[in-house]
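Listed below, chain by chain, are the residues.
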Amino acid sequence: MTATSILSDRQKDELHKAILDYLNACGFNQAFVALKSESENEEFVPDPKQKYSGLLEKKWTSVIRLQKKIMELETKNTQMQEELNNAPTRKPTSSVDWIPRAPEKYSLVGHRNPITRVAFHPIYQILASASEDTTIKIWDYESGEYERTLKGHTKAVHDITFDAKGNHLISCSADLTIKIWDTNNDYKCIRTLYGHDHSVSSVCVIPNADIIVSSSRDKTIKLWEMASGYCVKTFSGHLEWVRSIQPSEDGKLLVSSSNDQTARVWDVQKGETKMEMRGHDHVVECAIFLPVLSYPFVWEWLEANVKSNRDQAIPGQYIVTGSRDKTIKLWDASGQLLSTLIGHDNWVRGLVVHPSGKYLVSASDDKTMKIWDLRNGRCVKTIEAHSHFVTSISYCTTTPLVATGSVDQTLKIWQCR
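Residues numbered from 1 in each chain as written. Predicted model: local features only at pLDDT ≥ 70, side-chain atom pairs only at ≥ 80, totals over all residues. Heavy atoms only, no water.

(A) Structural view of the sheet that holds strand β4 (residues 136-140). In space, the four strands of this open sheet follow the order β2-β3-β4-β5, with antiparallel pairing throughout. With partners counted over all chains shown, the strands left at the sheet margins are β2 (115-120) and β5 (145-150), one partner each. Geometrically, the sheet is characterised by an average inter-axis angle of 20° between neighbouring strands, direction not taken into account. Sheet topology note: the β2/strand β3 (residues 126-131) ladder contains five bridges and is antiparallel. Following the sheet pairing, I115 is matched in β3 by S131. (Pairing = 2+ DSSP bridges. Helix = DSSP H or I, 4+ residues; strand = E, 2+ residues; numbered from the N terminus. Axes fitted to C-alpha atoms, helices over the stretch in contact; angles between N-to-C directions.)

(B) Up close: the packing of aromatic side chains. If you walk through the whole model with that rule in mind, you get six aromatic pairs. Judged by centre distance (5.7 Å) and plane angle (70°), the ring pair of W139 and Y146 falls under edge-to-face. Ring centres 5.1 Å apart and planes at 80° place the aromatic pair Y295 and Y318 in the edge-to-face group. One end of the pair, Y295, is in helix α4 (residues 295-302); the other, Y318, is in strand β19 (residues 318-323), with 23 residues separating them in the sequence. (Phe/Tyr/Trp six-rings, centres within 6.5 Å; stacked < 30°, edge-to-face > 60°.)

(C) Seen up close, the sheet that holds β19. An order of β18-β19-β20-β21 is seen for the four strands of this open sheet, with the pairing classed as antiparallel. The open sheet has two edge strands with one neighbour each: β18 (284-289) and β21 (337-342). On average, each strand axis in the sheet is inclined to that of its neighbour by 20°, with strand direction left out of account. As paired strands, β19 and strand β20 (residues 327-332) are joined by five bridges and run antiparallel to one another. In the strand pairing of β20, G322 is matched with I328. Along the sheet, α4 makes contact with β19, β20 and β21, crossing β19 at roughly 75°. (Contact = heavy atoms within 4.5 Å.)

(D) Representation of the pattern of salt bridges in the model. On inspection of all chains with the given rule, the structure shows 13 salt bridges. Note that R264 is salt-bridged to E276, the shortest N-O span being 3.2 Å. Pair noted here: R264 is in strand β16 (residues 262-267) and E276 is in strand β17 (residues 272-278), with a separation of twelve residues, a long-range link. For E285, the salt bridge is made with R324, and the minimal N-O distance between the two is 2.7 Å. Taken together, the positions of E285 in strand β18 and R324 in the loop between β19 and β20 put the pair 39 residues apart, joining distant regions of the chain. An identical accessibility class is assigned to E285 and R324; each is buried. Among the ionic contacts, a cluster of salt bridges with common partners joins E285, R324, R349 and D365. (Salt bridge = Lys/Arg side-chain N within 4 Å of Asp/Glu carboxyl O. Buried < 20%, exposed > 50% of the residue type's maximum accessible area, 1.4 Å probe, protein only.)

(E) Examining the side chain of D175 more closely. Relative to the helices and strands, D175 resides in the loop between β7 (168-173) and β8 (177-182). The charged side chain of D175 is buried without a salt bridge, its nearest counter-charge being K179 at 5.9 Å. The residues contacting D175, other than those within four sequence positions of it, are H153, T154 and K155. (Lys, Arg positive; Asp, Glu negative; His and termini not counted.)

(F) Spatial organisation of the nonpolar core. Of all hydrophobic cores here, the largest spans 21 residues; its most connected members are L290, Y318, V320, I328, L330, L351 and L360. The dominant element in this core, judged by the number of residues it contributes, is α4, at six residues. Filtering out sequence-adjacent residues up to four positions away, V320 remains in contact with C286, A287, I288, L290, I328, K329, L330, L351 and L360. Counting residues in hydrophobic clusters, the runner-up holds 15 residues, among them V352, V361, M369 and I371. (Core = buried A, V, L, I, M, F, W, Y, C linked by side-chain atoms within 4.5 Å.)

(G) A look at helix α1 (residues 9-26). Along its 18 residues, α1 runs 26 Å from first to last C-alpha, staying within 8% of the 26 Å computed at 1.5 Å per residue. Within α1, the full set of buried residues consists of A18, L20, D21 and L23. Those residues of α1 hidden inside the fold are in contact with α2 (29-38) and α3 (55-86). (Expected span 1.5 Å × (residues − 1).)

(H) Spatial organisation of the packing of α1 against α3. Across the interface, α1 lies against α3 with an axial gap of 7 Å and an inter-helix angle of 105°. For the element pair α1 / α3, the angle class is roughly perpendicular. Along its contact with α1, which presents L15, A18, I19 and Y22, the element α3 presents L55, L56 and E57. Grouping the amino acids of the contact of α1 with α3 by side-chain chemistry returns six nonpolar, no polar and one charged. (Parallel < 35°, antiparallel > 145°, perpendicular 65-115°, else oblique. Nonpolar A, V, L, I, M, F, W, Y, C, P; charged D, E, K, R; others polar.)

(I) Focus on a nonpolar patch on the surface. A contiguous nonpolar patch, built from I6, L7 and L15 and spanning about 300 Å² of accessible area, is present on the exposed surface. Within the secondary structure, L7 sits in the segment before α1. (Patch = residues over 30% accessible without salt bridge, like charges linked within 9 Å, V, L, I, M, F, W, Y side chains within 5 Å. Areas by Shrake-Rupley, 256 points an atom, 1.4 Å probe, with all protein chains shown as cover.)

(J) Expanded view of the environment of H121. Along the polypeptide, H121 turns up in the loop between β2 and β3. Considered as a pair, H121 and K165 are 44 residues apart in the sequence and their alpha carbons are 8.7 Å apart. The contacts of H121, once residues within four sequence positions are left out, are I126, F162, K165 and G166. At 3.0 Å, the side chain of H121 and the backbone nitrogen of Y124 are in polar contact. (Polar contact = N/O pair within 3.5 Å; in protein donor to acceptor, adjacent residues only side chain to side chain.)

(K) Broad picture of the pairing of strand β28 (residues 410-415). The buried fraction of β28 amounts to five of the six residues, a majority that puts the element mostly inside the structure. Looking at chain direction, strand β1 (residues 106-109) and β28 are connected through four bridges and run antiparallel. Counted as the bridge partner of S107 is K412 from β28. With five bridges joining them, strand β27 (residues 401-406) and β28 adopt antiparallel strand pairing. Counted as the bridge partner of L401 is Q415 from β28. Between β27 and β28, which pair antiparallel one after the other, the connecting turn spans three residues, and Q409 there sits at a positive phi close to 70°.

Structure (structure tokens):
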């Protein structure tokens, strides 16, 4: 009874011929003749040029060599395993704590003038950049590839933002206009909003409402209906250029910053100032509300000197501002200054909060971005980000990435880990 073979017919044939070749070479003529007839290889003629010539010896020696190699590797592996077991362990950081790390994943080039703003699409792997070269560029942040350029503004584009669903990209410019681009229809410009009397410096969309908010060098803040393009409200109060505008998570409040060295919180419904933050010694470049997610960390930080109403963690309780006086300041909703973060050596230009709410990331004209731990207000990392002023910073909500834009005309994407 023949045992079932694991060899294919071709392999069997090769083996038979190799054995025949070996028997012939060694002069085992009887065995050679017997195998020849039993393996049905009557036609076999030894030929030193054929691939089966000397094959048996080659295979035999290589198997022994491989066995030796395997034993060596196994010994090495055991040693390394022992070393690993005895090595000091580093606690793996949970993805919640991932922060941007140098070097950058991509450095994207294409703009011909300083980049003023970067913005991630809320859903797709798209990153938009605005520049003083009057254009907006769209990039694929996964591959780092350039996709298209949006032209329409006639002067520097100061700010860009996507609406919550990512159906529209809204831009504003020194040409006094705000433009709405349809992301689902080849980024066509579907509307241009006119109404500001001077350069429009910032634009945002109120959550859960199709309302665009803009701030301008004409000292006003305007609210616009996305669908019709009509200006529905104008807020006045700042004495100088209004640099930035941001909504609270629930869309009930706005925070603005200005050249008049103040930041203001506005009630969207009433259209009036709720609070004014005074304390910076220079232009306030940016102001944001801390998300509710950050409150527990801030409470830990401020425990000693703040009696906050912890029961109702409502949006808009804490504001962070960045200024040309090189500082970042934390305020509460009553306008009280709670803390000042000192570390940057030049104007603070951009602020974003880590998706976990645990860190604040700032961008500055000192060419760095700094990561601040909101549990203690300390700077935990400084990254040399660009070769010139860092003008803008943005966190991706779907992938652990951060983007920065700079006067050096590059857009950089940083991986968080």
